Amino acid sequence: KKLGIRTITDLRTHPDLRVAITHEFLERKDGWKPLVQKYGLKMSNVRGVEHTLGYEALASGEADVKDAYSTDAKLIDPQFTILKDDLNYFPAYQAVLLYRLDLPANVISVLKSLEGHIDEKLMVAMNAEAEKSKDYTKAATLAFVGTTSASGNSGEKMEAEHLTSKLVRWTLQHLKLVMISLLAAVLVGIPLGVYAARGGVGGQIVLSVVGMIQTIPSLALLALLVPLPFFGISSTTAIVALFLYSLLPIVRNTATGLQDIPQNIRESAEALGMDQSSILRKIYLPLASRSILSGIKTSAVINVGTATLAALIGAGGFGEPIVSGLSLNDNATILQGAIPAAILALLVQFGFDRLDNLIIPKGLRLKNRVEN
């Protein structure tokens, strides 16, 4: 109101305004860049932000302009103003119903009863109710008010899943992802570490490859795996990604532990006349067990945290409430996943500390106490 900005064209004369655009819209072919060309905008202070956090940036004064969906719940807030698309850059984006043809006839009937019924005003009201009450079932039922299906479902009470049962489900899903991927990483990583400990070109290649995998952003790795055959939107994809991320600490610590074995011990082992396989199993690996276990422990803790990203491809786990909370700008929902994930990481750390007494030879543990 102060600057007299009512349309997108009005932004031409205010190049100093700070713009916070969602990453998707920033790079879309029908997004920010062609919009700038269409309207002749000159903003230089443009950054990419997560959609819901963009509203927080507006409210706190850290940004002045952002992109929005016309059905966002925040649009009912009077402190936000929708600018008119006076050059008609945006086409009309109409929502359509998409469903499987083999669904039960009564389900299809209920879905079709919504055709032509949900407009922008109703969708904004549903989103606002969901954000305000956190009762998403109640918010969804607003869509059926006045439809032919409303009377048929009026006597049926939809109960939201209890938090306790959700925590149990998330925990089981998370443990499945972590345990399978970590076990696979141990079975593959230790032999690779043994090979890398020999040095030479082969060892350097192994360490370089697992190190390179670790540098790939987790979201990018998931995106790369999804289109491949046998992967897709599944827990298998998440497990493979977690397995790849778990390799580096195990491989590197195994190689380091073996390489740090003193030369006099190596000579003594060979003097006993044992074959290389026996020396590895009975002398080298036990001596390197502290370093190996440390690598497995590191992988396990990292795995617990990284596994939260599996929710992005429908694999569940503690990432499910975190992703939902981010989308809904709901800190309470985020904490439902973040706190259990942190507790699980601490329990994993504690569990591996206890394993020291079972796996690390007594002589090494006594030596460690003396050194300390």
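Use the structure listed above.
This is a predicted model, so every value here is computed, not measured. (Residues numbered from 1 in each chain as written. Predicted model: local features only at pLDDT ≥ 70, side-chain atom pairs only at ≥ 80, totals over all residues. Heavy atoms only, no water.)

(A) Just the pattern of salt bridges, in detail. Considering all chains together, one arrives at 10 salt bridges under this definition. The partner of Asp-30 in a salt bridge is Arg-28, with the nearest N and O atoms 2.8 Å apart. Relative accessible area serves as the criterion here: at 32%, Asp-30 is assigned to the partly exposed category. The partner of Glu-129 in a salt bridge is Lys-138, with the nearest N and O atoms 3.5 Å apart. With relative accessibility at 14%, the residue Glu-129 sits in the buried group. Salt bridges sharing partners connect three or more residues here, namely Glu-24, Arg-28 and Asp-30. (Salt bridge = Lys/Arg side-chain N within 4 Å of Asp/Glu carboxyl O. Buried < 20%, exposed > 50% of the residue type's maximum accessible area, 1.4 Å probe, protein only.)

(B) Region of interest: the packing of helix α12 (residues 263–271) against helix α13 (residues 276–287). For the pair α12 and α13, the least separation of the axes is 11 Å and the interaxial angle reads 160°. Regarding the angle of α12 to α13, the classification is roughly antiparallel. Pair α12 / α13 crosses with right-handed handedness. Residues Ile-265, Arg-266, Ala-269 and Glu-270 of α12 lie in contact with α13, whose contacting residues are Ile-279, Ile-283, Tyr-284 and Leu-287. A class-by-class count of the residues in the contact of α12 with α13 yields 6 nonpolar, no polar and 2 charged. (Axes fitted to C-alpha atoms, helices over the stretch in contact; angles between N-to-C directions. Helix = DSSP H or I, 4+ residues; strand = E, 2+ residues; numbered from the N terminus. Parallel < 35°, antiparallel > 145°, perpendicular 65-115°, else oblique. Left-handed = near helix turned anticlockwise from the far one by under 90°. Contact = heavy atoms within 4.5 Å. Nonpolar A, V, L, I, M, F, W, Y, C, P; charged D, E, K, R; others polar.)

(C) Representation of the packing of aromatic side chains in the model. Tallying each qualifying case throughout the model produces 3 aromatic pairs. A network of ring pairs unites the aromatic residues Phe-25, Tyr-89 and Phe-90 as a single cluster. Over the face of the ring belonging to Tyr-55 we find Lys-66, whose NZ or CZ atom lies 4.4 Å from the ring centre. Above the ring of Tyr-284, the side-chain terminus of Arg-266 is found at 5.2 Å from the ring centroid. (Phe/Tyr/Trp six-rings, centres within 6.5 Å; stacked < 30°, edge-to-face > 60°. Lys NZ or Arg CZ within 6 Å of the ring centre and 35° of its normal.)

(D) Structural context of the sheet that holds strand β3 (residues 65–66). With respect to topology, 3 strands assemble into an open sheet ordered β2-β1-β3, the strand pairing being parallel. Of all the strands in the sheet, the pair left with one neighbour each is β2 (46–49) and β3. (Pairing = 2+ DSSP bridges.)

(E) Spotlight on the packing of helix α8 (residues 163–197) against helix α11 (residues 235–259). Two elements in contact, α8 and α11, have axes separated by 6 Å at closest approach and are oriented at 35°. Seen from above, α8 lies across α11 with right-handed handedness. Across the contact of α8 with α11, the residue classes tally to 21 nonpolar, 7 polar and 1 charged.

(F) Just helix α15 (residues 319–328), in detail. Within α15, burial applies to Gly-319, Pro-321, Ile-322 and Gly-325. Looking down the long axis of α15, one finds its buried residues gathered within 165° of arc, a one-sided arrangement. Where the residues of α15 are buried, they touch α8 and α16 (331–359). (Arc of directions from axis to C-beta.)

(G) Main features of the side chain of His-14. Within the secondary structure layout, His-14 lies in the segment before β1 (19–22). Beyond its immediate chain neighbours, meaning those up to four positions away, His-14 contacts Leu-3, Ile-5 and Met-43.

(H) Looking closely at the nonpolar core. By size, the foremost hydrophobic cluster in this structure holds 51 residues, and its most contacted members are Leu-177, Leu-247, Leu-258 and Phe-352. Those elements that place two or more of their residues in this core are α8, α9 (200–215), α10 (218–225), α11, α13, α14 (289–306) and α16. Per element, the largest residue contribution to this core is 13 residues, and it comes from α11. Apart from the residues within four sequence positions on either side, Leu-258 is in contact with Gly-193, Val-194, Ala-197, Arg-266, Leu-280, Tyr-284, Leu-285 and Ala-288. Ranked by size, the runner-up nonpolar core spans 16 residues in total, among them Ile-21, Leu-35, Met-43 and Tyr-89. (Core = buried A, V, L, I, M, F, W, Y, C linked by side-chain atoms within 4.5 Å.)

(I) The arrangement of the environment of Val-304 in detail. Here Val-304 is to be found in helix α14. Taking the C-alpha atoms as reference points, Val-304 and Leu-344, separated by 40 residues in sequence, lie 7.3 Å from one another. Ignoring anything within four residues of it in the chain, the contact list for Val-304 reads His-174, Val-178, Ala-341, Leu-344, Ala-345 and Val-348.

(J) Expanded view of unusual backbone geometry. Not every positive phi belongs to a glycine, and Asn-88 is a case in point at roughly 55°. Phi at Phe-230 takes a positive value of approximately 75°, unusual for a residue other than glycine.

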